[in-house]
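# Descriptive structure summary
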Amino acid sequence: MTNPSRAPRRDRGFILTALLLVLVAIGFGAWYVYKLASNVPAIDAVTDYEPKIPLRIYTADQVLIGEFGIERRDFVPIDKIPDLMKKAVIAIEDTRFYEHGGIDWIRALGAARANLKGGFREGASTITMQVARTFFLTREKLVSRKITEIALAYKIESALSKDQILELYMNQIYLGQRAYGFSGAARAYFGKTLGELSVAETAMLAGLPQNPARHNPAVNPKRAAQRQHAVLKRMHELGYITEPQYKQALAERLRVRPKGQEFATHADYVAEMARQVVYEKFQEDAYTKGIRVTTTIMSADQDAAYESVRRNVLAYDQRHGYRGPEAFIDLPSDQQERDLAIDEALQQRPSSDGLIPAVVTAASPRSVSVETRDGAELEITGAGLRLVSGALQPKAKDSVRIRPGAVVRVMQDRSKAWSVVQVPQVAAAFVAIDANTGAYRALVGGFDYNLQKFNHVTQAWRQPGSAIKPFVYSAALEKGFSPATMILDEALDLPGENAGATWSPQNDDGKFDGVVSMRESLAHSKNITTVRLLRAVTVPAAHEYLGRFGFDPQRQPKNLTLALGTGAVTPLQMAGAYAVFANGGYAVQPYVVAKVEDARGMPLAETKRPAAPPEDQRVIDQRNAFVVDSMLRDVTVYGTGAAAGRTLGRPDIAGKTGTTSDAFDGWFAGYGGNVVAVAWMGYDDPKSLGGREFGATLALPIWIDYMKVALARRPAQERPAPEGVMQEDGGDWIYSEYAGVEDFRFIDVSPDAAAGTPEQPEAPPAEEPAPAPPPCGIAAHGSETGNPGTLVHLLSVQHHVPVRMRHAPPPSPEPRTPPGHGRDRRGAAAAPAGGSFTRACDLLHRRLPDQPARRVPQLRLPQPGPLQPHARYHYRRPGDSHRHGRRRDRGHIRQHRLHAVGQLHGRRGSVRHSPVPAHHLQLAFAWFQRRHARLGRWQPDDQRHHPAGTA
């Protein structure tokens, strides 16, 4: 039996013990809180906030092309953040933000009650607490961390205003896709600024802070939509949005960027170059201090260059056939397993702009069905199967045949039609700079930066081929030669030039033209004549001379193969070298960074170049640049680059094609309107681009497509002749000090052989007084109205090849079609021919003395009055009234390269040509009159003259 008196004593002892334990616990807790509070870090990081803003690269017209840094972030002041964005965040994250003092105890008790019931685990963190955790703490769920978070929240609340705290939160919080802050997230997910977001997009971003990985709309669109709906519902309950806004936002379909941030202008290689420049100066601070870089390129020019490179590389790739699918996979019969297999296969394929990886699900010779990474099912038929038609045949090789499970690429054109394509293996590069300042205007370092980071513009050392020839010709001018210098174009054997063996250079067409002028040699890219010219200049002199243009002498051969471009250059070096001819003789240093600013817009560095290069940058004589320019313009008029002049229709276009041995490299380098541009194509592992591929088919189309855009608003550049050059009696340019000097008129050609047969005696004087001769010494015969005689038109230098001429027959009746028009094979009127009228008859200088005479075309030229330098002249072949005669004439023209630049349209053969440089006309007719005194025997014809620019 228990003693009743002891029970109260035991109860009192238990109570006292319990109280003692409680006091000890309270004391320990107070001490623990005190110790934690005393160790709470200082809040200087929030009071002196410096956000880590990435390095951003812009074009000259302020289009974003690159962003570098661990964090994608824009700092936006609180007063610049849209009110709806702030309300959306407060609605879902901390409704009583402007009411509590850092800790929302009401919300905390509610969350604790819900958690004790075993329901959804609610959080009680306020925006202030999230700021404390973001800046100072981890996300570990520990009591000590939570106590420190509370202490920090109170510190922050006492130091900053509510708007300042909200500003920190909205600029610092991580929101997925490497985006920090809501402005960075808006650009990463939607490509918009905060002010451009819709209600639905605003709610989507506001739902991200709770769990950026789970609610990422680019990765988990379903969960992201659920979170977005919760935000919209809360905004509607609080009256932040109306009922119509709520319903519209729920129904809106969002377009989320799957790869995060993309840029409107494709300039990845430019952005990387600018990044390297800035990093070299600022090191790691470049990626966190919000540095802003403005480059020299223009977005329109860069877009044109990018599209041109891709379009022409794809065109080349399709010309050379289909190589087969990228891979083959097995397609399981189970639909779920099938989808997983397709997803896994496509995830392994790197993306390339517009070239979408897909898996073939069905294939026949007439139709191919594919499934893409986003689950789209496409059926491709007709023209979309042109490239792979052979691979769809049952007899195709297994490695090439397209069948279910094949991994291919598909592309959609501008008309929304799909086609099967392939990722090109060939590489390409393009660069354009300002001729006077060296500022980059466009740069494309390869087909796709995502596939290959190697910048072919600055890093690829390739053989320039014939694109090096203008610099050899420039060296020859300094030795006293001129464009009128005659060079022998015959077989040449050079003992010891090929590693001790005999080297026999060949022309690309395998033909020899006897004697040609220096101007003609460059225009038609003659190899043998260029080698003979280099031999006359001497290799050491030319090798040293090339250094003036920025070429690396160590990479250029010290033998005669230098003339054919067997050294090594980069496309950027080539652009700088051609700029010397374009700007009158000055070396320019290409640069890409125009200005560097800090996050506040204060300038850190700036590149300023004068509009015209200073005289201390001159590397060649102004006369040299002028004469070489005149020769390079002829290349684009009637030479290997004639397509450029014909397509662009400008008189200031100049340039040179380049094709190396076995077509390993294709080049075109040229300029116009003070823009110098270089295009290149080739394989990284050098191999032939094809037996029918040349610089004119590979690189020139890229160059032309770009120049159409770059020169659209630039006027043509006039180039007056500088002092110290003159035109000899033959009409071509020469340095004044070498005029009349015979030593430089011929290379490997004897003057006696060049002189040819003696001139014919003068015709007896006519019984009637002859009319006064027209300008340029043209002997005209005809009616009293002054109609000109039918003449042979030479647009070249004086040609000392003897030719026996046969006078033309009387003119045929005027064709029924209007002048300047022809008829196609069905008799329909054809469009006038475009382009400049050049060599109407280079047959004259191609005929050797022992070859028979040939009938030449008739030309009807304006008379009386001086020849106009930019007039249009009408040309018609004789014998147009007879069908077989017309065909024979066309074949004759092709066979002997007797042509007018511009196509001969239809059976009538009429064509217009413009412009004709005046000095070329003077040269041509002066020589013709001197060499063929019996000009009067030519029959008169009707005058056809059209002023420049008229139809």
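Quick look at the structure, then. (Residues numbered from 1 in each chain as written. Predicted model: local features only at pLDDT ≥ 70, side-chain atom pairs only at ≥ 80, totals over all residues. Heavy atoms only, no water.)

### A closer look at the packing of helix α3 (residues 83-93) against helix α7 (residues 162-172)
The relative placement of two packed helices comes down to the angle between their axes together with the axis-to-axis distance. Our working definition: Think of each axis as a best-fit line through the C-alpha atoms, taken over the contacting stretch in the case of a helix, with angles from 0 to 180 degrees between the N-to-C directions. Numbering of helices and strands starts at the N terminus; helices are DSSP runs of H or I of at least 4 residues and strands are runs of E of at least 2. In what follows, roughly perpendicular refers to angles from 65 to 115 degrees, roughly parallel to angles under 35, roughly antiparallel to angles over 145, and oblique to any angle outside these ranges. Any two residues whose heavy atoms approach within 4.5 Å are treated as being in contact.
Relative to each other, α3 and α7 sit at 90°, their axes nearing to 12 Å. Taken together, the axes of α3 and α7 are roughly perpendicular relative to one another. Contacts between α3 and α7 involve Met 85, Lys 86, Val 89, Ile 90 and Glu 93 on the former and, on the latter, Leu 166, Tyr 169 and Met 170.

### Looking at the packing of aromatic side chains
Rule in force here: Aromatic pairs are defined between Phe, Tyr and Trp rings, using the six-membered ring for Trp, whenever the two ring centres lie within 6.5 Å; interplanar angles under 30 degrees are classed as stacked, those over 60 as edge-to-face, and all others as tilted. Per-residue accessibility, obtained with a 1.4 Å probe over protein chains only, is compared with the maximum for each type, and a residue is labelled buried under 20%, exposed over 50%, and partly exposed between these values. Geometrically, a charge over a ring is one whose NZ (Lys) or CZ (Arg) sits within 6 Å of the ring centre while staying within 35 degrees of the ring normal.
Enumeration over the complete set of coordinates arrives at 17 aromatic pairs. Between Tyr 279 and Tyr 287, the aromatic rings sit 5.6 Å apart at their centres with planes inclined by 20°, giving stacked as the arrangement. Aromatic side chains Phe 471 and Phe 581 sit 5.2 Å apart centroid to centroid with 25° between the ring planes, which places their arrangement in the stacked category. Of this pair, Phe 471 sits in helix α16 (residues 469-478) while Phe 581 sits in helix α20 (residues 571-582), and the two are 110 residues apart along the sequence. Each member of the pair, Phe 471 together with Phe 581, is buried. Feature note: the residues Phe 471, Tyr 545, Phe 549, Phe 551, Tyr 578 and Phe 581 constitute an aromatic cluster, connected by ring pairs. One residue, Lys 162, lies across the ring of Phe 97, its end atom 4.5 Å from the ring centre. The ring of Tyr 449 carries Lys 453 above its face, with NZ or CZ at 4.9 Å from the centroid.

### Remarks on the nonpolar core
The test is simple: By nonpolar core we mean a set of buried residues, namely Ala, Val, Leu, Ile, Met, Phe, Trp, Tyr and Cys, connected to one another through side-chain atoms within 4.5 Å.
Counting residues in hydrophobic clusters, the biggest one holds 88 residues, and the most contacted among them are Phe 471 and Met 574. Here Phe 471 is in contact with Tyr 545, Leu 546, Phe 549, Phe 551, Met 574, Ala 577, Tyr 578 and Phe 581, once residues within four sequence places are set aside. Core analysis: the second largest hydrophobic core is formed by 47 residues, Ala 88, Leu 168, Leu 205 and Met 235 among them.

### Looking at α3
Taking burial as the measure, the 11 residues of α3 include 8 buried ones, the bulk of the element. Of all the positions in α3, only Met 85, Lys 86, Ala 88, Val 89, Ile 90, Ala 91, Ile 92 and Glu 93 are classed as buried.

### Points about the sheet that holds strand β17 (residues 514-517)
Inclusion rule: Only strands joined by at least two bridges in the DSSP assignment are considered to pair.
Pairing in this open sheet of 3 strands is mixed, and the strands run β17-β14-β25 from one edge to the other. Each end of this open sheet is capped by a strand with a single partner; those strands are β17 and β25 (746-747). Across 4 bridges, the pairing between strand β14 (residues 486-489) and β17 is antiparallel. Each bridged residue has a counterpart across the sheet, and for Leu 488 the counterpart in β17 is Val 515.

### Re the side chain of Thr 59
For clarity, the threshold we go by: A 3.5 Å cut-off defines polar contacts: any pair of N or O atoms within that distance qualifies, except that in protein one atom must be a possible hydrogen donor and the other a possible acceptor, and neighbouring residues in sequence count only when both atoms are side-chain atoms.
Note that Thr 59 resides in the loop between β1 (55-58) and β2 (64-68). The exposure class assigned to Thr 59 is buried, which follows from its relative accessible area of 0%. A polar side-chain atom of Thr 59 sits 2.5 Å from a polar atom in the side chain of Asp 61. With residues up to four places along the chain from it excluded, the contact list for Thr 59 reads Ile 65, Thr 294, Thr 295, Ile 297 and Ser 299.

### Some points on the sheet that holds strand β19 (residues 603-606)
Spatially, the 5 strands line up as an open sheet ordered β2-β1-β5-β18-β19, and their pairing is mixed. Taken across any chain shown, the strands that pair with only one partner, and hence form the sheet edges, are β2 and β19. Here the average twist between neighbouring strands, direction ignored, is 15°. Two elements, strand β18 (residues 593-597) and β19, share 3 bridges in a ladder whose sense is antiparallel. Its bridge partner lying in β19, Glu 597 is registered against Pro 603. Packing of helix α12 (residues 268-282) onto the sheet brings it into contact with β1, β2, β5 (292-295), β18 and β19, and relative to β2 it is tilted by some 45°.

### Examining the pairing of strand β8 (residues 367-372)
Where burial is concerned, most of β8 is hidden: 5 out of the 6 residues are buried. As judged from the 6 bridges shared by strand β7 (residues 356-364) and β8, these two strands associate in the antiparallel manner. Bridge pairing in β8 places Ala 362 opposite Ser 369. One ladder, built from 5 bridges, connects β8 with strand β9 (residues 377-381); its direction is antiparallel. Note on β9: the bridge partner recorded for Ser 369 is Glu 379. Counting the residues that bridge the hairpin from β8 to β9 gives 4 residues, and of these Gly 375 lies at a positive phi of roughly 90°.

### A few points about the packing of α3 against helix α10 (residues 221-237)
Under the convention used in this document: Basically, the charged four are Asp, Glu, Lys and Arg, the nonpolar ten are Ala, Val, Leu, Ile, Met, Phe, Trp, Tyr, Cys and Pro, and anything else, Gly included, counts as polar.
Look at α3 against α10: their axes get within 9 Å of each other, and the N-to-C directions meet at 100°. On the basis of their axis angle, the class for α3 and α10 is roughly perpendicular. Residue-level inspection shows Leu 84, Ala 88, Ala 91, Ile 92 and Glu 93 of α3 in contact with α10, the latter providing Arg 227, Ala 230, Val 231, Arg 234 and Met 235. A breakdown of the residues in the contact of α3 with α10 according to their chemical character gives 7 nonpolar, no polar and 3 charged.

### Here's the deal with unusual backbone geometry
The bulk of non-glycine residues show a negative phi, and the bulk of peptide bonds are trans. Backbone geometry places Lys 416, a non-glycine residue, at a positive phi of 70°. Turning to its location among the elements, Lys 416 is positioned in the loop between β10 (406-412) and β11 (418-421). Owing to a relative accessible area of 61%, Lys 416 belongs among the exposed residues under this scheme.

### Some points on helix α13 (residues 299-319)
Threshold: Here the expected length of a helix is defined as 1.5 Å per residue gap, with one fewer gap than residues.
Its 21 residues place the ends of α13 30 Å apart at the C-alpha level, agreeing with the 30 Å of an ideal helix rising 1.5 Å per residue. Within two residues after α13, Gly 321 carries a phi angle of roughly 90°, on the positive side.

### Observations regarding the environment of His 456
Turning to its location among the elements, His 456 is positioned in helix α15 (residues 456-459). You can call His 456 buried: its relative accessible area is 1%. As a C-alpha pair, His 456 and Thr 570 span 114 residues in sequence and 7.6 Å in three-dimensional space. Leave out the neighbours within four places in its chain, and His 456 touches Ala 427, Ala 428, Ala 429, Gly 445, Gly 446, Pro 571, Trp 680 and Asp 684.

### Some thoughts on the pattern of salt bridges
Applied cut-off: Definition used for salt bridges: Asp or Glu carboxyl oxygen within 4 Å of a side-chain nitrogen of Lys or Arg.
Counted by the stated rule, this structure contains 35 salt bridges. Residue Asp 513 is joined to Lys 526 by a salt bridge in which the shortest nitrogen-to-oxygen separation is 2.6 Å. With Asp 513 in the loop between β16 (501-503) and β17 and Lys 526 in the loop between α17 (518-523) and α18 (527-537), this pair connects stretches of sequence that are 13 residues apart. Its relative accessible area of 11% is what places Asp 513 among the buried residues. Given the relative accessible area of 3%, Lys 526 is considered buried. Overlapping salt bridges bring together Arg 56, Glu 67 and Arg 187 as one network.

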